Each structure stands twice: as C-alpha cells, then as structure tokens.
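# Coordinate analysis (summary)
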Amino acid sequence: MAGHGSSSAHPQRFDLVVTGGLLADPLRDRPAPGDLAVRDGRIAAVGAPGTLSGEETLDASGLLVAPGLIDLHTHVYAPGTDLGVPADAVGVRQGVTTVVDAGSCGSDHWDDFVENVVRPAGTRVLSWLNISRHGLVHGRRELAGGPDDIDEAATEKLLREHADRVRGLKIRMSASVLGDSGLAPLRAAKRVAARVGRPVMVHVGNEPPHLGDVLDLLGAGDVVTHAFHGKPGGLFGSERQARAAVDRGVRLDVGHGSASLSFATAERALAAGFTPHTISTDLHHRNLDGPVHSLVDTLTKLVALGLTPHEAVRCATAHAAAVVGLEAELGTLRPGAVADLTLLRLTDGPVRLTDADGDTRTGTTRITAAGVVRAGRPTPLGAPR
C-alpha cells in the first residue's frame, strides 16, 4: 500500500476506519487488502490491514471498498418533471454517493432545482444543465421551438456562477426532440460550453440528425450518452466518425435507460474496441422498477458482457469523476479526497439480466451495494423510495 498514506501517530484522531475489505483503488490494477481511515469527512490515511484505528470501525470483511459510485446520467428533478425520482432513492439508498442530473433542468428553473432537489438531498447532486431553457419541465420536445428555446446568456451565467454544481451542458440530439432545429442547438451548446471550458453531454438515439454529423461537432471531454443503443444507425452506422471521435477524446457513456442499452450492440462494440468510458443509468421513474433498477445492476450487466468488476467500478468512479472535472475530490481512495465510499459485494453464480430491448443474458457475477459512506459518515441503504 506504499504511496497511499500511512498509519497516524495518533490513531485515536481518526473518526472512522474501514477495515477488513479489499480496497478497490481505481488507479491500481486490482483490489488489494487494506484499511482506510477518515477524518473530518476526508480520507486521512490508507494502510496495511490492521494498522489503523479510530473512534468508529466499519467492518468491510468480504467486500470491495470502492470510491463512492458516481452515476453520470440520472433524472432527479422530482416533482419538477414527470420523469424525476428523488435523488436519494437512486443515490445513497442504492450505494451511489453522487448523481448527475442530465438535463432535467434548464436555466429557467435552476433556482427551483437547487431549492427542492440539491439542498435536501443526502446524495451529492451535480448537473448537466440542459441547453434548452425549459429543460424537461414542459415535456420532452424541449428543442422543437427553435431559437426561442435557448437562452445562451442565462445558461452561460449559471455555468459561471454555479460552477460547483453545474459541470457541463446536456443536449438531446434525436428526431423526437428537435423538430426542425437540426444541428443548431448542438452548435449553440458547444459555443456556450467553450466559453466556460466545460464539456457537453449529448443524448443520441433515433436519427436524424445522423450520428456522424453529431460526432463531428464534438471534442475532447465531450460525452456521448446512450452510445450502445440498438436503434437504427448508431455506432456502426457512423463507425469512421465514431473512431475518430474516440481518438480525439470524446467519451462513450452507457446511459442504460428504457431504450438505450442493447446487449447485442454492446457486445459488437466491445469486440470492435469501443469500450465504455463511463457506465451510467439514465434512471427515472419509468425504468427504476425495470429494466434499469440501479447503477450496481448496470455495472453487473457490463461485467456479464466482458468487463472485469474492477474495470466496471473504474467506469463509475475515477472515469466519471474526471468527466465532471472532480478527479481530485471524487472517484479516488487517495488521502485528501472526500470520504465518499461504496462497499460492494461480488457474488458468484448465475444471474439473469435484461437489456432495454428485452433481450437477456446470464452473467456469472452479481455486484450489489452492501454499504455506503457519504462525506465520512456511514449512511443506511435501502430506505423506501
């Protein structure tokens, strides 16, 4: 465990020690036994098993101790939109310490979102602010009205003034959303994002616009969510542009959702070298009871498709933290980082899994959440939704 801190000369000063588990440090090749100590809401030390002690001990025997899981694509603006679910229902109650709302809110409703979602939540709530000023508050054709649906100045102002929460912009580029707007909203989002140095998350699905045309407008740090859907077109309808986009730093995100994770597409993509950079759920009230269920269930599906559990966890920790520019604070077990932790149990045995198209696979490993620590404090799992 060298290089990750050491035991303190005053171990009684640690508030919490997590002991007995395997530390799933995303920066390492594999989990390794060790103790982790917390002080004042931050990781204070990492040491060999049995070397740290504190005021409180959390027994992680038989578990992976991972950085707090980050769900990069959720919809938690409840009841502001008809999709919204309470942040804690898909956050800390499911072992996820950070959720990023993906465009439920636009500039017109930011204050209400903060007051009714961000502040009451035990889960950390970040935002991909919708380029549409309405977000999803008035329905899901938020860009069909043309230029009047976008207020670039108000959007930029929020990105600058609430940089701690607004980590980028969200835009949905599919036929059912855009009306006759075409690529213009994406160009607007890229203009605003470039002025403040933030990424854009782009929803892709039913064409038009052609995925290749969307990809050609994206740059390093931007995110394509729903990258592994099974609709016509997709990655293999624009393979040349997709490879070029990945090569220049565009990130592919799962964004499972009700219609956006196809096992067949994901298997083909993995075989072709298109590996997801991040794994997210697109959880909302219409898919919480299936087919998505939770982030850990989504991780289980990607493991069944060929990722190792450690690779899958990395996608929902270190990679997700880097996407939102918080890699020094989140997604890591380094001393000094926020003490957000997820305790995971890996269970061997057949597990039947269903994708967004109703297709099934049988995996051999299930990942479940067994505990969560939020900002240094153990938090109960599984409260009613």
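Structure: see above.
None of these values were measured; they are calculated from a predicted model. (Residues numbered from 1 in each chain as written. Predicted model: local features only at pLDDT ≥ 70, side-chain atom pairs only at ≥ 80, totals over all residues. Heavy atoms only, no water.)

Strand pairs in the sheet, formed through backbone hydrogen bonds, run parallel or antiparallel to each other. Read across the sheet, seven strands follow the order β8-β9-β10-β11-β12-β13-β14 without closing on themselves; strand pairing throughout is parallel. Every interior strand has two partners, whereas the edge strands, β8 (69-74) and β14 (251-252), have only one. Where β8 lies against strand β9 (residues 96-102), four bridges are found, and the strand directions are parallel. If you follow Ile 70 over to β9, its bridge partner there is Thr 98. Each of β8 and β9 is contacted by helix α9 (residues 295-304), which is oriented at about 95° to β8, the strand it contacts most. (Pairing = 2+ DSSP bridges. Helix = DSSP H or I, 4+ residues; strand = E, 2+ residues; numbered from the N terminus. Contact = heavy atoms within 4.5 Å. Axes fitted to C-alpha atoms, helices over the stretch in contact; angles between N-to-C directions.)

Turning to the environment of Thr 368, a few remarks are in order. Note on placement: Thr 368 falls in strand β16 (residues 360-374). Taking the C-alpha atoms as reference points, Thr 368 and Gly 95, separated by 273 residues in sequence, lie 8.7 Å from one another. Excluding its chain neighbours within four sequence positions, the residues that come into contact with Thr 368 are Val 296, Leu 343, Leu 344 and Arg 345.

With that settled, the discussion passes to unusual backbone geometry. With an omega of 0°, the peptide bond between Ala 78 and Pro 79 qualifies as cis. Structurally, the position occupied by Pro 79 is in the loop between β8 and α1 (87-90). Residue Pro 209 is reached from Pro 208 by a cis peptide bond, and omega for that bond is 5°. Checked against the element boundaries, Pro 209 lands in the loop between β12 (200-204) and α6 (211-215). For Asp 40, which is not a glycine, the phi torsion comes out positive at approximately 55°. Turning to its location among the elements, Asp 40 is positioned in the loop between β4 (35-39) and β5 (42-47). What makes Asp 40 exposed here is its relative accessible area of 66%. The phi dihedral of Asp 282 is positive, around 55°, even though this residue is not glycine. Tracing the backbone shows Asp 282 in the loop between α8 (263-271) and α9. Since its relative accessible area comes to 8%, Asp 282 is described here as buried. (Buried < 20%, exposed > 50% of the residue type's maximum accessible area, 1.4 Å probe, protein only.)

Moving on, we get to the pattern of salt bridges. Evaluation of the coordinates by the stated rule reveals 18 salt bridges. As a salt-bridge pair, Arg 361 and Glu 267 come within 2.7 Å of each other at their nearest N and O atoms. You can see Arg 361 sitting in strand β16 and its partner Glu 267 sitting in helix α8, a full 94 residues away along the chain. On the basis of relative accessible area, Arg 361 is assigned to the partly exposed category, the value being 23%. Of the charged contacts in the structure, one is a salt bridge between Arg 366 and Asp 297, with a shortest N-O distance of 3.8 Å. Taken together, the positions of Arg 366 in strand β16 and Asp 297 in helix α9 put the pair 69 residues apart, joining distant regions of the chain. Accessibility expressed as a relative area gives 31% for Arg 366, which makes it partly exposed. Among the charged side chains, a network of salt bridges with common partners joins Glu 152, Glu 156, Arg 160, Arg 191 and Arg 195. (Salt bridge = Lys/Arg side-chain N within 4 Å of Asp/Glu carboxyl O.)

Taken in spatial order, the six strands make up an open sheet running β3-β2-β7-β15-β16-β17, and their pairing is mixed. The sheet is open, and its two borders are formed by β3 (32-33) and β17 (377-379), each paired with just one other strand. Pairing geometry for strand β7 (residues 64-67) and strand β15 (residues 341-354), over four bridges, is antiparallel. Looking at the pairing, Pro 67 lines up with Leu 341 of β15.

This part takes up helix α5 (residues 184-196). Between its first and last C-alpha, α5 extends 19 Å over 13 residues, near the 18 Å set by a 1.5 Å rise per residue. Inspection of α5 places Pro 185, Leu 186, Ala 188, Ala 189, Val 192, Ala 193 and Val 196 among the buried residues, and these make up the whole buried set. The buried residues of α5 occupy an angular sector of 160° when the element is viewed end-on, so they sit on one face. Here the buried face of α5 lies against α3 (152-161), β11 (166-173), α4 (175-178), β12 and α6. Within two residues after α5, Gly 197 carries a phi angle of roughly 70°, on the positive side. (Expected span 1.5 Å × (residues − 1). Arc of directions from axis to C-beta.)

Along an α-helix, a turn takes 3.6 residues, which lines up residues three or four apart on a common side. Where burial is concerned, most of α9 is hidden: nine out of the 10 residues are buried. Summarising the contacts, the buried residues of α9 are in contact with β8, β9, α8, α10 (309-315), β15 and β16. At the N-terminal end of α9, a side-chain oxygen is found 3.1 Å from the backbone nitrogen of Asp 297, two or three residues along, and the residue is Ser 294. Looking one or two residues past α9, Gly 306 carries a phi angle of roughly 135°, positive in sign. (Polar contact = N/O pair within 3.5 Å; in protein donor to acceptor, adjacent residues only side chain to side chain.)

Relative orientation of the contacting elements α3 and α5 amounts to 35°, with a least axis distance of 10 Å. Classified by chirality, the crossing of α5 by α3 is right-handed. Residues Glu 152, Thr 155, Glu 156, Leu 159 and Arg 160 of α3 lie in contact with α5, whose contacting residues are Ala 188, Arg 191, Val 192, Arg 195 and Val 196. Split into classes, the residues belonging to the contact of α3 with α5 amount to four nonpolar, one polar and five charged. (Left-handed = near helix turned anticlockwise from the far one by under 90°. Nonpolar A, V, L, I, M, F, W, Y, C, P; charged D, E, K, R; others polar.)

The next subject is the nonpolar core. If you look at the biggest cluster of nonpolar residues, it comprises 78 residues, and the most contacted ones within it are Leu 169, Ile 171, Val 202 and Phe 228. Looking at which element gives the most residues to this core, the answer is α5, with six residues. Once you skip the residues sitting within four places of it in the chain, Ile 171 turns out to touch Ile 131, Leu 143, Pro 185, Leu 186, Ala 189, Val 200, Met 201, Val 202 and His 203. Counting residues in hydrophobic clusters, the runner-up holds 16 residues, among them Leu 16, Val 18, Val 65 and Val 373. (Core = buried A, V, L, I, M, F, W, Y, C linked by side-chain atoms within 4.5 Å.)

Without other data, these values stay purely geometric and don't point to any function.
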